[in-house]
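Summary of the model geometry
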Amino acid sequence: MIVVTGATGQLGRLVVADLLARGVPAGQIVAAVRTPEKAADLAAQGVEVRRADYDDPQSLKDAFAGAQKVLLISASEVGQRVPQHKNAVDAAVAAGVPFLAYTSILNADTTGVALATEHKETEAYLAGSGLAYALLRNGWYTENYTGSAAAAIAAGTVLGSTGTGRVGAVPRADYAAAAAAVLTTDGHAGQVYELAADEPFTMAEYAAELAAVSGQPVAYADLPADAYAEALTGFGLDAGYAAALADADLGIARGELVSDSGDLARLLGRPTTPLADAVRSAL
């Protein structure tokens, strides 16, 4: 039995879909979710739905009962992740889970990106847990950019603080497929996978791709990090999250969100999705 936490989230749903596409019987997949009502569509496909709240240890223990493999998708509440992840790891230990895969962040042990802090703590806790586990260190999603592609095309500008740094971003579906591969094959315990694009890109290249696909002029405007964070808050983002994104851009500028490991392509059994394809799919 394979348990996927956060199964109604954007990444979790893709993992469940990929598991089904690989022929895993729906009855052998558990969608562990905070709000079971939101997983009615998964239940309709035969997937077992169990309540699992990262803040409720007993719910996690119940959700992990009988699991052979667990995918722990990192929690979404920045600042609360460490205690939530510890609850999940403890529940997996209590349930006797033989293997757990955790979605961390690219280059977690070396990056200075502030968003990596909670992932580093979670990785350290896993290391001392006694569990057999693998680290899926996911890079950036291209959806982080293409989600606002229409607005960027309308404005003719992509904003950021990356300088000429490259980012190894790919669509969520690539990371989901990699997770599904780890969950459906053996030999992954103790592995650390640095998951990123085969061909990382600069924000100037991303802007050029938007221009090519849309037929409209789009250019990249590089801003100081504080000015970029201010612009993001002007777009309606929470100030703390805006600051974290601006900090991540500085990490990109330092070359910390790329990897030449080739791990993602090997798990996929194909090249990672090119930027051009990701942009065309989003527009």
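Everything numeric in this text was worked out from a predicted model, so none of it was measured.

1. Notes on the sheet that holds strand β1 (residues 2–5)
Here 7 strands make up an open sheet; going across it, the order is β3-β2-β1-β4-β5-β6-β8 and the pairing parallel. The sheet is open, and its two edges are formed by β3 (48–51) and β8 (192–195), each paired on a single side. The sheet shows a mean angle of 20 degrees between the axes of neighbouring strands, direction not considered. Pairing geometry for strand β5 (residues 99–105) and strand β6 (residues 133–138), over 6 bridges, is parallel. Bridge pairing links Y102 to L135 in β6. The strands that helix α3 (residues 57–64) touches are β1, β2 (29–33), β3 and β4 (69–72); relative to β3, the one it contacts most, it runs at about 160 degrees. Strands in contact with helix α5 (residues 117–127) are β5 and β6; relative to β5, the strand with the most contacts, it is inclined by about 160 degrees.

2. So, unusual backbone geometry
Its identity is not glycine, yet N107 carries a phi of approximately 55 degrees, on the positive side. Its location among the elements puts N107 in the loop between β5 and α5.

3. Focus: the pairing of β2
Of all the 5 residues making up β2, 5 are buried; the element is thus mostly covered by neighbouring parts of the structure. Across the two faces of β2 the burial is the same, with I29, A31 and V33 and V30 and A32 all buried. Here β1 pairs with β2 via 4 bridges, running parallel. When the sheet's bridge partners are listed, V3 is paired in β2 with V30.

4. What to know about the nonpolar core
Counting residues in hydrophobic clusters, the biggest one holds 37 residues, and the most contacted among them are V4, V15, L19, L71, L136 and L195. Elements represented by at least two residues in this core include exactly β1, α1 (10–21), β2, β5, β6, α8 (172–184), β8 and α12 (263–268). Here this core gets 8 residues from one element, more than from any other, and that element is α8. Discounting chain neighbours no more than four positions away, the residues touching L195 are L106, L136, R137, N138, G139, Y175, A178, D263, L264 and L267. Counting residues in each nonpolar core, the second largest holds 29 residues, with L106, A169, A196 and A244 among its members.

5. Here we look at the side chain of R137
With respect to the helices, strands and loops of the structure, R137 is situated in strand β6. Overall, R137 belongs to the buried group, its relative accessible area being 5%. Among the polar contacts listed, one links the side chain of R137 to the side chain of E123, at a separation of 2.7 Å. Excluding residues within four positions of it along the chain, R137 makes contact with S104, I105, L106, N107, A108, D109, E123, V192, Y193, E194 and L195.

6. Quick look at the side chain of D263
Examined against the element boundaries, D263 turns out to sit in helix α12. Those residues within four positions of D263 in sequence are excluded, and the remaining contacts are V192, Y193, E194 and L195.

7. Structural notes on the packing of aromatic side chains
A complete count under the given rule lists 4 aromatic pairs for this structure. For the ring pair Y145 and Y206, a centre distance of 5.7 Å and an interplane angle of 45 degrees mean the geometry is tilted. Of this pair, Y145 sits in helix α6 (residues 143–146) while Y206 sits in helix α9 (residues 203–214), and the two are 61 residues apart along the sequence. Residue Y145 shares its accessibility class with Y206, and that shared class is buried. Measuring from centroid to centroid gives 6.5 Å for F201 and Y206, while their planes differ by 40 degrees, and the two rings are tilted. By relative accessible area, which is 2% here, Y206 ends up buried. Grouped by ring-pair contacts, the aromatic residues Y145, F201 and Y206 constitute a single cluster.

What counts as what
Residues numbered from 1 in each chain as written. Predicted model: local features only at pLDDT ≥ 70, side-chain atom pairs only at ≥ 80, totals over all residues. Heavy atoms only, no water. Pairing = 2+ DSSP bridges. Helix = DSSP H or I, 4+ residues; strand = E, 2+ residues; numbered from the N terminus. Axes fitted to C-alpha atoms, helices over the stretch in contact; angles between N-to-C directions. Contact = heavy atoms within 4.5 Å. Buried < 20%, exposed > 50% of the residue type's maximum accessible area, 1.4 Å probe, protein only. Core = buried A, V, L, I, M, F, W, Y, C linked by side-chain atoms within 4.5 Å. Polar contact = N/O pair within 3.5 Å; in protein donor to acceptor, adjacent residues only side chain to side chain. Phe/Tyr/Trp six-rings, centres within 6.5 Å; stacked < 30°, edge-to-face > 60°.

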